[in-house]
Amino acid sequence: MAAASSSAAGADPTLAKRVIACLDVRSNDNGDLVVTKGDQYDVREKDGDSNDVRNLGKPVELATKYFHWGADEVTFLNITGFRDFPLGDLPMLQVLQKASEKVFVPLTVGGGIREFTDSQGQFYSSLDVASEYFQSGADKISIGSEAVYAAEAYWAKRQEVEDPAAVALDGGSLIEQISQKYGKQAVVISIDPRRVYVSDPSEAPQPFVKVVETQVPGPRGERFCWWQCTVKGGREGRDIGAYEVAIATEALGAGEILLNCIDKDGTGEGFDLELVELISSGVNIPVIASSGAGCSQHFVDVFQRTNASAALAAGIFHREEVKISTIKEHMIQESIPTRSEAADFN
């Protein structure tokens with residue numbers, strides 16, 4: 001039975017800030033699908049002689065628990081999806097199907113959503129793959145590497161015209177295809193950037209890449225930085241920044257940005273507020289802050305000091321260091337518009 005809604009005094013409940021639980025899902029060395037969590041995207045154990053994939057629980061059980069804790073949304077990231085054929089990943093599809101029967105908040109899934117030709121020579125479009133996830137219970141699809149490639153193509157075209165509105169969109173990107181078929185609200189762009197320090201803005205890798213003056217100087221006292229986008233699970237850097245990917249993918253039809261930060265991942269030191277503010281003030285679609293949450297104050301900080309619409313965490317929920325209800329209570333105390341409806345808000 002849902003509890004009565006309680007939002008911050010005077011706040012418009014339609015503008016409530018969201019708290020999202022994220023589950024990084026992958027197969028362990030025994031082939032079992034588990035929820036894991038890494039430090040700067042490394043999910044292997046570091047203690048003792050073990051180098052196993054860190055196992056923090058079963059996906060459906062954890063998703064159900066976070067729903068009862070009061071999560072506004074649940075996100076599944078299939079973090080090995082870029083390597084494998086996603087339509088052959090029956091366990092992940094089954095996770096979505098089972099979760100959708102127990103979790104009654106929006107479900108987002110990402111990882112490996114791209115075109116593919118199987119071993120029999122059968123071609124599957126990116127939209128075919130995305131459609132399978134939607135049919136299995138997903139409300140939103142998170143696009144990572146493919147979004148970066150689409151943004152690179154967009155900026156290549158944009159350099160050829162004076163008016164950004166004149167950039168010709170051909171409808172060929174996965175972002176455009178999903179947006180056209182399922183609506184913008186179904187398209188989430190997952191950006192995986194890392195901070196790159198430079199001594200001068202002229203050191204940007206491309207003339208259109210935005211370099212900012214930072215309040216967190218670099219190791220050699222550098223006063224400027226940009227956030228380099230990566231693909232393939234953070235393994236490959238590209239000469240395009242998080243800001244440029246956000247701008248491009250909004251133009252292509254994305255409805256939301258999931259903004260990660262490799263430098264902050266697993267640190268518990270708080271979100272990269274400079275990065276979040278840069279992106280959330282630069283686009284007109286919601287931005288989800290991710291990476292670095294270690295306590296409820298970090299959620300308050302990101303909502304008070306940036307234009308983020310939501311904030312996401314993983315490890316602190318898996319290890320039960322902080323409950324979602326505690327975060328929301330703190331947000332309400334700080335007069336942050338908060339939705340506190342839950343199946344069992346405790």
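See the structure shown above.
Fair warning: this is a prediction, and the values are worked out from it, not measured in the lab. (Residues numbered from 1 in each chain as written. Predicted model: local features only at pLDDT ≥ 70, side-chain atom pairs only at ≥ 80, totals over all residues. Heavy atoms only, no water.)

1. Some remarks on the overall build of the protein
Quick reminder of the rule: Here a strand is any run of E in DSSP of at least two residues, a helix any run of H or I of at least four, and the numbering for each starts at the N terminus. To sort residues, take the accessible area from a 1.4 Å probe on protein chains only and compare it with the maximum for the residue type: under 20% means buried, over 50% means exposed, and anything in between is partly exposed. It only takes one pair of heavy atoms within 4.5 Å for two residues to be counted as in contact. Method for areas: the Shrake-Rupley scheme with a 1.4 Å probe, in which residue coverage is limited to the protein chains shown.
The secondary structure content of the protein amounts to 10 helices and 15 strands. Expressed as a percentage of the 346 residues in the protein, the buried residues total 54%. In the protein, of all internal contacts separated by at least 6 residues, the share reaching a separation of at least 24 is 69%. For the protein, the exposed area adds up to about 15300 Å²; of that, 45% sits on carbon and sulfur atoms.

2. Here we look at the packing of aromatic side chains
Formally: Aromatic rings from Phe, Tyr and Trp, with only the six-membered ring used for Trp, were paired whenever their centres fell within 6.5 Å, and each pair was classed as stacked if the ring planes differed by under 30 degrees, edge-to-face if by over 60, and tilted otherwise. The rule is short: NZ of Lys or CZ of Arg within 6 Å of the ring centre and within 35 degrees of the ring normal puts a charge over the ring.
Under the criterion given, the structure shown has seven aromatic pairs. With a centroid separation of 4.9 Å and an interplanar angle of 10°, the aromatic rings of W155 and F208 are classed as stacked. Placement of the pair is W155 in helix α4 (residues 145-158) and F208 in the loop between β9 (193-198) and β10 (212-213), with a sequence separation of 53 residues. Across this residue pair, the class does not change: W155 and F208 are buried. Among the aromatic residues, ring-to-ring pairing joins Y66, W69 and F317 into one connected group. Its end group placed over the ring of Y243, K210 keeps NZ or CZ at 5.2 Å from the ring centre.

Geometric descriptors of this kind do not, in isolation, establish any biological role.
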